[in-house]
Amino acid sequence: LFPEAARMAMPIVMVIAVISIVYGACLALVQDDIKKIIAYSSISHLGYVMLGLVSLDLIGIQGAVVQMVSHGLTAAGLFLLVGMIYERRHTREIAQLKGLQVAAPVMAGFFTIVMLSSIGLPGLNGFVGEYTILLGSFVAHRWWTVVATAGVILAALYLLWAYQRVFHGTPDEANANFPELRLREGLVLAPLVAGIIFLGVYPKPVLDRMEPSVKALVAHVEEHTPGFHEPVPARTVDSTGGEAAAHEEGGH
């Protein structure tokens, strides 16, 4: 709606997005309630969405849209699984949960897939969104993007650590008879897991569907903002000393 104002505010929003990524991840890292870990991780992941949007770059904005879809799938799956754990144990405190993988291996398997998608494991949906966001924003704001990559490392740290404490180890008396995932619950989770895997393995239909709209958006900003052009990769110097344009990614 306000392309010139968006261009002027881009550096400020970029800083806020990077702070959200790192600070949200740090908050998730120190939580002792598994639901709070997921809630604070959402702050971090949506910081990536803002990072991609304000890059005003085709790849970055596409990544932001993919990340919004991906986060919807992943967050829904994680919150459903935490709800199922709470229904069985009436607690979300990590200290009260231990060795659930022994008693409920199928639930642990579902949790593993959804958790890894949140971390951004290649082959799952989270990787597609985060990678394209970082790829696009690196062209526009290189050093802020470098800082933002810390969120990827922290996400692996707080989620894998939480999974280790909740699902690994020998279950104590309170968790030894933890009920396995029911068929009805598995049928609820199955479409989310299918979407997570499909978007991670073959994102092309989704990217192709949004590309015309994103191109029109970038063109709109360029048209109404004097002196602004979509960020492009910096030119590199070839071995003969002459300038050679860097290869552009994703159809730029």
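Structure report, in brief. (Residues numbered from 1 in each chain as written. Predicted model: local features only at pLDDT ≥ 70, side-chain atom pairs only at ≥ 80, totals over all residues. Heavy atoms only, no water.)

1. Brief notes about helix α10 (residues 204–224)
For step 1, the next point in the chain: In a regular helix each residue adds 1.5 Å, so 21 residues correspond to 30 Å; α10 covers 30 Å between its end C-alpha atoms and thus fits that length.
For step 2, the next point in the chain: In the structure, α10 departs most strongly from a straight axis at E211, where the bend amounts to approximately 40 degrees and where the proline P212 lies between one and four residues downstream.
For step 3, the next point in the chain: Buried residues along α10 sit against α1 (3–29) and α3 (58–89). (Helix = DSSP H or I, 4+ residues; strand = E, 2+ residues; numbered from the N terminus. Expected span 1.5 Å × (residues − 1). Bend = angle between axes of the 7 residues up to and from the residue. Contact = heavy atoms within 4.5 Å.)

2. Remarks on helix α9 (residues 183–201)
For step 1, the next point in the chain: In this model α9 runs 26 Å from its N-terminal to its C-terminal C-alpha over 19 residues, within 8% of the 27 Å that 1.5 Å per residue would give.
For step 2, the next point in the chain: At L189, α9 is bent by approximately 30 degrees, the largest bend along its length, and proline P191 sits one to four residues beyond.
For step 3, the next point in the chain: Among the residues making up α9, those that are buried are E185, G186, L189, L192, V193, G195, I196, L199 and G200.
For step 4, the next point in the chain: The inward-facing, buried residues of α9 contact α3, α5 (105–119), α6 (125–140) and α10. (Buried < 20%, exposed > 50% of the residue type's maximum accessible area, 1.4 Å probe, protein only.)

3. Examining the packing of helix α2 (residues 34–53) against α3
To describe two helices that pack against each other, one gives the angle between their axes and the distance between the axes.
For step 1, the next point in the chain: Their axes nearest at 8 Å, the elements α2 and α3 cross at an angle of 170 degrees. In this view, α2 runs roughly antiparallel relative to α3, as classed from their interaxial angle. Contact with α2, carried on its side by I34, K35, I38, A39, S42, H45, L46, V49, G52 and L53, involves G60, I61, A64, Q67, M68, H71, L78, F79 and V82 of α3 and no other residues of that element. (Axes fitted to C-alpha atoms, helices over the stretch in contact; angles between N-to-C directions. Parallel < 35°, antiparallel > 145°, perpendicular 65-115°, else oblique.)

4. Some details on the pattern of salt bridges
For step 1, the next point in the chain: Going through the model one piece at a time under the given rule, you end up with six salt bridges.
For step 2, the next point in the chain: Of the charged contacts in the structure, one is a salt bridge between R182 and E185, with a shortest N-O distance of 2.8 Å.
For step 3, the next point in the chain: For R182, a relative accessible area of 36% puts it in the partly exposed group.
For step 4, the next point in the chain: The class for E185 is buried, based on a relative accessible area of 6%.
For step 5, the next point in the chain: When the shortest N-O distance is used, the salt bridge between E211 and K215 registers 3.2 Å. On the criterion of helical spacing, the pair formed by E211 and K215 is a turn pair, its members being four residues apart in helix α10. (Salt bridge = Lys/Arg side-chain N within 4 Å of Asp/Glu carboxyl O.)

5. A closer look at the packing of aromatic side chains
For step 1, the next point in the chain: For the structure on display, the rule yields five aromatic pairs.
For step 2, the next point in the chain: Consider the rings of F111 and Y163, whose centres lie 6.1 Å apart with planes at 35 degrees: the pair is tilted. A residue pair is termed long-range when its members are at least 10 positions apart, and F111 in helix α5 and Y163 in helix α8 (residues 150–167) qualify at 52 residues. Taken as a pair, F111 and Y163 share a single burial class, namely buried.
For step 3, the next point in the chain: Under the relative-accessibility criterion, F111 is labelled buried at 5%.
For step 4, the next point in the chain: Pairwise contacts between aromatic rings join F111, Y163 and F167 into one cluster. (Phe/Tyr/Trp six-rings, centres within 6.5 Å; stacked < 30°, edge-to-face > 60°.)

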